[in-house]
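Spelled out from the first residue to the last, the chains are:
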Amino acid sequence: MEALGAVDETNAAIGVVRTCLPDTHSDLHELLLRLQDDLFVVGADLATPLQSRTKTQRITADHVTALESAIDASENSLEPLTKFVLPGGAPAAAALHVARGNCRRAERRVVAALDSIALSLHLLRYLNRLSDLLFVLARKINQDAGHADTLWTGNG
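Rules used throughout
Residues numbered from 1 in each chain as written. Predicted model: local features only at pLDDT ≥ 70, side-chain atom pairs only at ≥ 80, totals over all residues. Heavy atoms only, no water. Salt bridge = Lys/Arg side-chain N within 4 Å of Asp/Glu carboxyl O. Helix = DSSP H or I, 4+ residues; strand = E, 2+ residues; numbered from the N terminus. Buried < 20%, exposed > 50% of the residue type's maximum accessible area, 1.4 Å probe, protein only. Patch = residues over 30% accessible without salt bridge, like charges linked within 9 Å, V, L, I, M, F, W, Y side chains within 5 Å. Areas by Shrake-Rupley, 256 points an atom, 1.4 Å probe, with all protein chains shown as cover. Expected span 1.5 Å × (residues − 1). Contact = heavy atoms within 4.5 Å. pLDDT = per-residue confidence, 0-100. Polar contact = N/O pair within 3.5 Å; in protein donor to acceptor, adjacent residues only side chain to side chain.

Draft legend 1. Spatial organisation of the pattern of salt bridges. Inspection of every chain in the model, using the stated rule, returns eight salt bridges. When the shortest N-O distance is used, the salt bridge between R105 and E9 registers 2.5 Å. Separated by 96 residues along the polypeptide, R105 in helix α4 (residues 91-113) and E9 in helix α1 (residues 2-20) bring together distant segments of the chain. For E9, a relative accessible area of 37% translates into the label partly exposed. A salt bridge links D45 to R58; its shortest N-O distance comes to 2.6 Å. Highlighted residues: D45 in helix α2 (residues 26-47) and R58 in the loop between α2 and α3 (61-75), separated in sequence by 13 residues. Among the charged side chains, a salt-bridge network with shared partners connects E68, R104, E107, R129 and D132.

Here you go:
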């Protein structure tokens, strides 16, 4: 239940991103909508034990590959990172960082659930790659909006 709740929070946070994102980003709107659809599959996968005879949609290697392709495509125009990035910038980018944090929590909850139930490892890989994609998309949105990455200085 903890994992399902964290996945739902991630989906809701992505919905907030979509409301902050200008209409000029139609390709990104479509990608985010697809991710929200996928998160419903993640929920169904989590809620249905692997050994269940119930037919349900499952997260597959193809879902993970699609995320990796989206990461690669989005990273092409970004400068390589040499320091950690602080969350923030444009409203949609900041909201993506919140979604990323929620996704990381979902990933931790799935890892904890693996101690007591059998789950597909594709599910865990999907959440891991999704959080990376959300990070890259936040950087991309900030770049497109003219916001430079705010880099961590380590002078706290």
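Draft legend 2. View of a nonpolar patch on the surface. Where nonpolar side chains cluster on the molecular surface, the patch consists of F84, L86 and W152 and spans about 350 Å² of accessible area. You can see F84 is positioned in the loop between α3 and β1 (85-86). A residue is classified by how much of its surface remains accessible, and F84, at 60% relative accessible area, is exposed.

Draft legend 3. A look at α1. For α1, with 19 residues, the first-to-last C-alpha span of 27 Å sits near the 27 Å given by 1.5 Å per residue. Taken residue by residue, α1 has A3, A6, V7, T10, N11, A13, I14, G15 and V17 as its buried positions. On the buried face of α1, the contacting elements are α2, α4 and α5 (121-144).

Draft legend 4. The arrangement of the confidence of the model for the protein chain in detail. On average, residues of the protein chain score 90 in pLDDT, and 99% of them are at 70 or above. By mean pLDDT, the top-scoring element of the protein chain is α3 (95), and the lowest-scoring one is strand β2 (residues 150-151) (76).

Draft legend 5. Region of the structure containing the side chain of T10. One can find T10 in helix α1. Look at T10 and you get buried, because its relative accessible area is 1%. One polar contact links the side chain of T10 to the main-chain carbonyl oxygen of A6, over a distance of 2.9 Å.

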